[in-house]
Amino acid sequence: EEGSRREGPHPLVTALEAVVKDREASRRQQRAEKGLALGEGHATINSLLSCCCCYGLLLRPHTLECGHTLCGVCHAKLGGKCPLPGKTCRDDHGERMRERFPMRREPRDKAAAGVNLTLAKVVELVFPGEGAAVSLRQEGNQALARGDTEGAIARYLEGLKESPRSHHLHGNIAQVMLSQKKHGAALHHAEEAARLCPAWAKAHFRRGAALEG
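Only a predicted model underlies this, so the values are computations on that prediction, with no experimental measurement involved.

Rules of the game
Residues numbered from 1 in each chain as written. Predicted model: local features only at pLDDT ≥ 70, side-chain atom pairs only at ≥ 80, totals over all residues. Heavy atoms only, no water. Helix = DSSP H or I, 4+ residues; strand = E, 2+ residues; numbered from the N terminus. Expected span 1.5 Å × (residues − 1). Buried < 20%, exposed > 50% of the residue type's maximum accessible area, 1.4 Å probe, protein only. Contact = heavy atoms within 4.5 Å. pLDDT = per-residue confidence, 0-100. Core = buried A, V, L, I, M, F, W, Y, C linked by side-chain atoms within 4.5 Å. Salt bridge = Lys/Arg side-chain N within 4 Å of Asp/Glu carboxyl O.

I would appreciate a short explanation of helix α8 (residues 167–179) in the present structure.
Side chains that are three or four residues apart share a direction in an α-helix, a result of its 3.6 residues per turn. With 13 residues, α8 ought to run about 18 Å at 1.5 Å a step, and its terminal C-alpha atoms sit 19 Å apart, in line with that. Of all 13 residues making up α8, ten are buried, and the element is well covered by its neighbours. Those residues of α8 lying buried are His167, Leu169, His170, Gly171, Asn172, Ile173, Ala174, Val176, Met177 and Leu178. Where α8 is buried, its residues meet α6 (128–145), α7 (149–162), α9 (183–196) and α10 (201–212). Lysine 181 sits one or two residues past α8 and shows a positive phi near 65°.

What should I look at first to understand the confidence of the model for the protein chain in this one?
Any residue range with low pLDDT should be treated as having predicted coordinates unsuitable for detailed reading. With 68% of its residues at a pLDDT of 70 or more, the protein chain shows a mean pLDDT of 76. Low pLDDT, under 50, characterises residues 33–43; the stretch is placed with eleven contacts to residues that sit more than four places away or in other chains. Low pLDDT, under 50, characterises residues 103–113; the stretch is placed with 27 contacts to residues that sit more than four places away or in other chains.

Can you help me understand the nonpolar core in this one?
Buried together is how nonpolar side chains tend to be arranged in soluble globular proteins. Core analysis: the biggest nonpolar cluster contains 14 residues, and Ile153, Tyr156, Leu169, Ile173, Met177, Ala186 and Ala210 have the highest contact counts within it. When residues of this core are traced back to their parent elements, those giving at least two are α6, α7, α8 and α9. The dominant element in this core, judged by the number of residues it contributes, is α8, at five residues. By size, the runner-up hydrophobic cluster in this structure holds eleven residues, among which are Cys51, Cys66, Cys74 and Leu78.

Would you mind showing me how to read the pattern of salt bridges here?
Proximity of charged atoms lets side chains of opposite charge pair with each other. By the definition in use, this model includes three salt bridges. Of the charged contacts, one joins glutamate 139 and arginine 155 as a salt bridge, the two residues approaching to 2.9 Å between their closest N and O atoms. Of this pair, glutamate 139 sits in helix α6 while arginine 155 is found in helix α7, placing the two residues 16 residues apart along the sequence. Two residues, glutamate 192 and arginine 195, come together in a salt bridge whose shortest N-O distance is 2.5 Å.

Whenever I open this one, the side chain of asparagine 172 confuses me. Can you help?
Mapped onto the elements of the fold, asparagine 172 is located in helix α8. The exposure class of asparagine 172 is buried, given its relative accessible area of 13%. If we skip the residues at most four places from it in the chain, asparagine 172 touches Arg137, Asn141, Tyr156 and Arg206.

Below, the structure written as structure tokens:
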């Protein structure tokens, strides 16, 4: 019955906030061991999953070209236009909304086009090490393109400290080891990549190449 229903946060919000709390507790412990304090001002999952127009939960979400996300009701009311200020968004709400949603990039470049900013911030909050791992993998790829294999391996190994379950990093290390004829090490990393992501064909190909070598 309507009167007996309990009001409260959406179950998805509760579950995600629990994950964030666990991860923040783990990060606090890790940083405490290094003598560092966890920074203040972490956005909550609840605020990240709210519509940037009505502040309600993002039910039937629609991501706009600018990268912001509206709930289905606001999307219909606004005709797909963004209520946030900026060069690609309308300037209806001013600095108040800019302060509440500071994650927008201005102006957006072509590389950022199509990025779902809400989902990006949730992923960043729940998986804080993944962004650093991707950056280190890209740096390793650049080093490899310059012929600096040792520098590439160093970046990949550093990336694994941030994201130990990255099949891409294990796969990249396996590829470098294959080029250096270090088939034992290549096999180890290729098998780890295949274990972490069985659907990734490159892991199996590199495992086969290591066994053949």
